[in-house]
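Structural description and commentary
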Amino acid sequence: MPNQQLLDLIIDKFDGVIIEDNQWVVDGSSGNRYIVEWNPFSKNYSCNCKGYMFRKKCRHITELSNSFRKKLYE
């Protein structure tokens, strides 16, 4: 599957908002919005929330990653 077709499929299936290549806006539980970013060179996600800043993991990344896996295999 060419990259554009895969990107179109992700955009069609995913509920979030893509703001740039490899960046998504994710709603937090308290109404805040966070930016989750995929780094293709290091092959990991990052988020601008406090949880990620302290623990290097957060539920925003987990939820986004899980939604991609789930929706790609539907």
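Located above this text is the structure these notes cover.
Here's what I pulled together on the structure shown here. For every chain, the first residue of the written sequence is number 1, and numbering continues from 1 onward in sequence order. Selection of residues for local features in this predicted model requires a pLDDT of at least 70, selection of side-chain atom pairs for listing and counting requires 80 or more, and totals for whole chains, interfaces and linings are taken over all residues. Based on all heavy atoms of the structure, the side-chain values leave hydrogens and waters out of the count.

Another aspect to go through is unusual backbone geometry. We note that K43 has phi near 55°; this positive angle belongs to a residue other than glycine. The secondary structure listing takes helices from DSSP runs of H or I that are at least 4 residues long and strands from runs of E that are at least 2 residues long, numbered from the N terminus. By the secondary structure assignment, K43 is in the loop between strand 3 (33–39) and strand 4 (44–47). Note on K43: relative accessible area 60%, which makes it exposed. Residue K56 is not a glycine yet carries a positive backbone phi of 65°. The residue K56 is located in the loop between helix 2 (50–55) and helix 3 (59–72) in this model. Buried residues are those whose accessible area, probed at 1.4 Å on protein chains only, stays under 20% of the maximum for their type, while exposed residues exceed 50% and partly exposed ones sit between those limits. Judged by its relative accessible area of 56%, K56 falls in the exposed class.

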